[in-house]
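# Results of the structural survey
Take a look at the letters that make up each chain.
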Amino acid sequence: MMEEAAVSAAAAPPRAASGLRGVWAFVRASWLNALAVAIVSIVVLLALVGPLLLGSKANTADFADILRGPSSAHWMGTDNVGRDLFARVVAGARISLASAALIVLLAAPFGCALGILAGTIGGWVDEVLMRLTDLFFAFPAFVLAAAIAATLGPSLQHTIIAVAIVYWPWYARLARSQVLTLREREFVLAARVSGSSTLGIVARHMVRNVLPIVAIQMSADAGNAILSISALSFLGLGAQPPTPEWGTMMAGAQDYLQTAWWFLTFPGLTLTFTVLGFNLLGDGLRDWIDPRLRGVLRGGRV
Amino acid sequence: MTGEPLLSVLDLVVRFDTPQGEVHAVNGVSLDVGAGETVGLVGESGSGKSVTSLAVMGLLPSPAGRVASGRILFDGKDVIGLPERDLRKLRGKDISMVFQDPMSSLNPVITIGEQVTEILRAHEQIGKADARTRAADLLRQVGIPNAEEQLDRFPHQFSGGMRQRVMIAMALALHPRLLIADEPTTALDVTIQAQVLELLVALTRDLGTALLLISHDLGIMARVAQRIAVMYAGFVMETASTTELFADPRHPYTVGLLNSVPAIDDRGKELRPIEGAPPDLEDAPVGCPFAPRCAWRVEACWTTMPPLQPVAGGRGGTGIDHAAACHNPVTAEEVRGAAPLRPGFVPAPPPSGATAAAASEEPL
């Protein structure tokens, strides 16, 4: 009788562990989780304190030190105008993480609000909103983001907006699907029987049950968002030189691939590991909270 | 029962629109519950018990379910067609409900305390601290130890019986005048069932709350209900006081139900199940829905549903409030024999015009 099967995160008993104890339990669950937490912590730490320690080094050109290989003075070497690559990669971490956070924080609340609205009201509101999301799903996400970014004009801000615009429909769909199943759950009926209003039920029962799933999706999406921003910047649609954005840096390094391998390799590797870290984190959280969500939530996308 | 009943369901007809067609869930149910009375609603799955109770709460699943006709009077006022705002004031405060499965009727991610206070805050302007004190009192009232601490726990930390106690505490929080309990003990362990039932009965008695108890368990009904209504395929077949119904059933379906319950002192006696299966509710009812399974059926049963009529108080003399919907009621001797004993009586064959489906449901 006690072994009630968890149908979704909503049904999963919330982990009693909280804060650091929760993190520790998550890390111990699988070595991939440990790896994910390690990578994400390092990147976050670098983004937070790195630029403070390295000061303005990221944008200080030194023409005496052009295209030097990795050394004790320049851990990742220098670029074509003698800037320290390590300082630039670290500065890039801050840009990437901030952009990803902005994208997810724009897309998730907006998408969830519309999704919950569609699922709760139903009828033509649902129909209109869902056809609107279909419109977005009709194009490959990256192509659509590129098109929007190009229309708005090349800049980091515009890229962030473009990617957020492409991401919100996923959250709308996710929230709506959760609301549709929650709506049929008996505790919602029980709340109605108690005289709760629809608004009260949405606030108390729907939002709180949708939240964990959305949080997982956000962590997985952070990786995708970083990749999208870098890719768009690489194409020249995003951050413009001399901004130390990873994609922008890699675009500048293309010409030096044969003479200075480190120029392209280090930003590329950092990007790869960061995205890997966030994707692993998303997958790990999803499996940890409820393995059955595998079909509901998507992993890496772009 | 004297004066106006608290709840009066009159000729209630509920239909569901489904892609497969119209489902005839409730086909004209009449039912009274007096203030403070305990009424049992018995019937098998799909007989319309739960739908009737949801209709009373104004909570038929929309847009599929609708009250096609009939009236539901609560305290003399018709609740059908009341605006949602007024219904909401009624729910929880005047009419409350306990569901079958306490696992799913509590939200797994919200603390017990918050769920118990939810009903208080839906109806009263009440501060957080006050609501908490009240919630703890309520839990104590339903026999939950360390109530104060339990408020911060989650439903999965409670056993099934404890959860149902919480549900009862919530349902009775505002001292409603009517409590509808829909199979409140079915999902519980047998050892817990009696305790929870006793609690439910004791609390409703103390509060003067009328109880409409929905169950398929005649044993529970015998113990708790003052009056019983027997439902089948969306109709009320028979209604009587509990003692009267058990002593002097008139409807063949009631007789069949009573005969299919094992009794502890009847060991070795063969159980007699009711042959056949309930009708498909997608078909519009023609005649009595029990006719294809009934050994007492006469020709009229195939074509007209008899109204629920007062039973002539012959036997026992307590025919007050005893009504049955039957063309050919069962006699006292036949109840014991569980078969028509009149010489030369054969169940009427389906009329020639009847559907093949009806004919095939003939008892073997």
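Residues numbered from 1 in each chain as written. Chains lettered and ligands numbered in written order. Predicted model: local features only at pLDDT ≥ 70, side-chain atom pairs only at ≥ 80, totals over all residues.

## Let's talk about the overall build of chain B
Heads up, the condition is: We count a stretch as a helix when DSSP gives it H or I for four or more residues in a row; a strand needs E for two or more, and each element gets its number in order from the N terminus. Between the two quantities, the radius of gyration covers C-alpha atoms and the globule rule is 2.2 Å times the number of residues to the power 0.38. Distance between backbone-placed C-beta atoms decides contact: two residues are in contact if it is within 7 Å.
Across its full length, chain B holds 13 helices and twelve strands. Over its C-alpha trace chain B gives a radius of gyration of 22 Å, about what one expects of a compact globule, namely 21 Å for 364 residues. Projected onto its principal axes, the C-alpha coordinates of chain B cover approximately 75 × 45 × 40 Å. Looking at chain B alone, contacts between residues at least 24 apart form 67% of all its contacts between residues at least 6 apart.

## A word on the sheet that holds strand β3 (residues 38-42) of chain B
Residue and element names in this part refer to chain B. Operational definition: If DSSP finds at least two bridges between two strands, the strands pair. Each axis is a line fitted through C-alpha atoms, and for a helix only the stretch in contact is used; angles between axes span 0 to 180 degrees, taken between their N-to-C directions.
Reading across from one edge, β6-β7-β8-β3-β9-β10-β12-β11 is the order of the eight strands in this open sheet, with mixed pairing throughout. Because the sheet does not close on itself, it has two edges, and the strands there are β6 (95-98) and β11 (309-310). Strand direction decides the pairing type here: β6 and strand β7 (residues 178-182), joined by four bridges, are parallel. Each bridged residue has a counterpart across the sheet, and for Met 97 the counterpart in β7 is Ile 180. Sheet contacts for helix α10 (residues 252-259): β9 (227-232) and β10 (235-241); angle to β9, the most-contacted strand, approximately 105°.

## Some points on the domain arrangement of chain B
Residues and elements named next belong to chain B. We count it as follows: For the domains described, the bounds stem from an automatic or database domain assignment. Three classes are used: nonpolar for Ala, Val, Leu, Ile, Met, Phe, Trp, Tyr, Cys and Pro, charged for Asp, Glu, Lys and Arg, and polar for all others, with Gly counted as polar.
Parsing chain B into structural domains produces domain 1 (7-225) and domain 2 (251-360). Just the C-alpha atoms count here: the centres of domain 1 and domain 2 sit 31 Å apart. Tallying the contact residues gives eleven residues for domain 1 and nine residues for domain 2. Every element with two or more residues in the side of domain 1 that touches domain 2 is listed here: β2 (21-33) and α8 (218-224). Looking at the side of domain 1 that touches domain 2 element by element, the count peaks at six residues for β2. A per-class count over the side of domain 1 that touches domain 2 returns three nonpolar, seven polar and one charged.

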